[in-house]
Amino acid sequence: MSMENHTTDNKFLLLGFPEIKDSKTIALFHVILVVYIMTLIINCAIIVLVSIKPQLHSAMYFFLQQLSFIESVFLTVVVPNMLRVIWLEGATISIAGCIFQSYVYCAVGCSECHLLTVMAYDRYLAICHPLRYNDIMNTKLQHSLVIYCWVFGFLLTQITPIFLCQLSFCRSHVIDHFFCDPVNFVELSCTLKSALQLEILVLSIPVIVLPFVLVIISYIYVFITIFGISSAGGRKKTFSTCSSHLTVVIMYFGTLVTIYMVPANGDTLTINKLISFLYIVVTPLLNPLIYSLRNQEIRAILVNILSGFKAVVHL
């Protein structure tokens, strides 16, 4: 392996993880590659299962299917080039390519934030208004909400590439990160630096803060309804229908708030890089596992499939 130690005026050098050397770099590369492949396989399995199994043809599973698709896209935007950066112990990327990756990363991330909000709204309707749930959360509304998440995400974050294209980079073109996070441009830019910091903070309100507040409001009503159930068994059963989503929301928004709502400096950039690694690589693997392991219907389908596979093998 050798580091590309040169940059030009139209390229950035992504360092990746310069503190990790030799055999540890190779080990990290293979771990990330295995996690990436496993995550794609699990997400694809969920997408296929929801499509072909009639017992999973409900709004909750439709949104879960969309979440698996979004996270697969999200991973693919970052991880393949991240693996290249790690393998080469640093690799260049064009400024245009860096801005494009930053835009798609923000757009897909925004879409996922709003999809998690839609899933919270779905749980609110199912638990707080069960008699009206099927009438309200019909197929047309499900599709409309998913389209809204994608369109809103890509339209809202268009300001990011427009703004980044106005910047001048008069300092080093070296980025101490494994991908083109918008926060990186703050350190590289010699123009509009304060404006860029303000843009990131302002954009985080509709992307992160507003969806998170709506999720909190949904769950306040959900918890009020759950606590109003007389039997302990009924409370436990009702809570189990939203516990997986709540766990994913806490992990997802917790990392986002830490990265983009807390001002970064020289000391916190390394911490943010580690948190970004968890957010981009680890969380997309944990999310489908949490849903699969905590969902009785998905577990039952997987057990049946594995049992059938074993029966075929033993023939």
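If you look the chain up in an unreviewed UniProt entry, it shows as Olfactory receptor from Eleutherodactylus coqui. UniProt, in the comment section headed Sequence similarities (unreviewed entry), describes the chain in these words: "Belongs to the G-protein coupled receptor 1 family." According to its UniProt record, the chain has this under Subcellular location (unreviewed entry): "Cell membrane".

**Quick notes on the pattern of salt bridges**
Tallied over the entire structure, the rule returns two salt bridges. In this structure, Arg123 engages Asp122 in a salt bridge whose closest nitrogen and oxygen atoms are separated by 2.9 Å. Considered together, Arg123 and Asp122 belong to a single accessibility category, that of buried residues. In this structure, Lys273 and Asp176 form a salt bridge, with 2.8 Å as the shortest nitrogen-oxygen distance. With Lys273 in helix H10 (residues 266–294) and Asp176 in the loop between strand S3 (174–175) and helix H7 (184–188), the pair connects residues that are 97 residues apart, well separated along the chain.

**Digging into the sheet that holds S3**
Overall, mixed pairing links the three strands, which are arranged S2-S1-S3 in an open sheet. On the outer flanks of this sheet lie strand S2 (91–94) and S3, each paired with one strand and no other. The pairing of strand S1 (residues 11–14) with S2 spans four bridges and is antiparallel. Looking at the pairing, Leu13 lines up with Thr92 of S2. Its contacts with the sheet put helix H2 (residues 59–87) on S1 and S2, and the angle it makes with S2 is roughly 140 degrees.

**A short note on the UniProt feature "transmembrane region" (unreviewed entry) in the chain**
Per the UniProt record, "transmembrane region" (unreviewed entry) is annotated on residues 27–52, 59–79, 145–169, 201–230, 242–262 and 274–293. Note that residues 59–79 is 100% helix and 0% strand, and that its end C-alpha atoms are spaced 30 Å apart. From the first C-alpha to the last, residues 145–169 spans 39 Å; its make-up is 72% helix and 0% strand.

**Re the pairing of S1**
As judged from the two bridges shared by S1 and S3, these two strands associate in the parallel manner. Its bridge partner being in S3, Leu14 is matched across the sheet by Ile175.

**Thoughts on the state of the cysteines**
If you walk through the whole model with that rule in mind, you get one disulfide. Through a disulfide, Cys98 is tied to Cys180; the S-S separation comes to 1.9 Å. Linking Cys98 and Cys180, the disulfide has an S-S dihedral of approximately -110 degrees and is accordingly described as left-handed. Taken together, the residues Cys98 in helix H3 (residues 95–128) and Cys180 in the loop between S3 and H7 connect sequence positions 82 residues apart. Of the two residues, Cys98 and Cys180, neither departs from the other in class, the shared state being buried. Among the cysteines around Cys106, which has no disulfide bond, Cys110 carries the closest sulfur, lying 8.9 Å off. By relative accessible area, Cys106 is classed as buried at 15%. Between Cys110, a free cysteine, and Cys113, which holds the nearest cysteine sulfur, the sulfur-to-sulfur gap is 6.5 Å. For Cys110, a relative accessible area of 0% puts it in the buried group.

**Digging into the packing of aromatic side chains**
Under the defined criterion, the tally for this structure stands at 23 aromatic pairs. Both rings, one in Tyr105 and one in Tyr279, keep their centres 6.5 Å apart while their planes meet at 85 degrees; by these two values the pair is edge-to-face. Of this pair, Tyr105 sits in helix H3 while Tyr279 sits in helix H10; the two residues are 174 residues apart in sequence, bridging distant segments of the chain. Overall, Tyr105 belongs to the buried group, its relative accessible area being 4%. The class for Tyr279 is buried, based on a relative accessible area of 2%. For the ring pair Trp150 and Phe154, a centre distance of 6.1 Å and an interplane angle of 25 degrees mean the geometry is stacked.

Parameters at a glance
- Residues numbered from 1 in each chain as written.
- Predicted model: local features only at pLDDT ≥ 70, side-chain atom pairs only at ≥ 80, totals over all residues.
- Heavy atoms only, no water.
- UniProt positions renumbered as here; feature names shortened; annotations may be inferred.
- Salt bridge = Lys/Arg side-chain N within 4 Å of Asp/Glu carboxyl O.
- Buried < 20%, exposed > 50% of the residue type's maximum accessible area, 1.4 Å probe, protein only.
- Helix = DSSP H or I, 4+ residues; strand = E, 2+ residues; numbered from the N terminus.
- Pairing = 2+ DSSP bridges.
- Contact = heavy atoms within 4.5 Å.
- Axes fitted to C-alpha atoms, helices over the stretch in contact; angles between N-to-C directions.
- Disulfide = S-S within 2.5 Å.
- Phe/Tyr/Trp six-rings, centres within 6.5 Å; stacked < 30°, edge-to-face > 60°.

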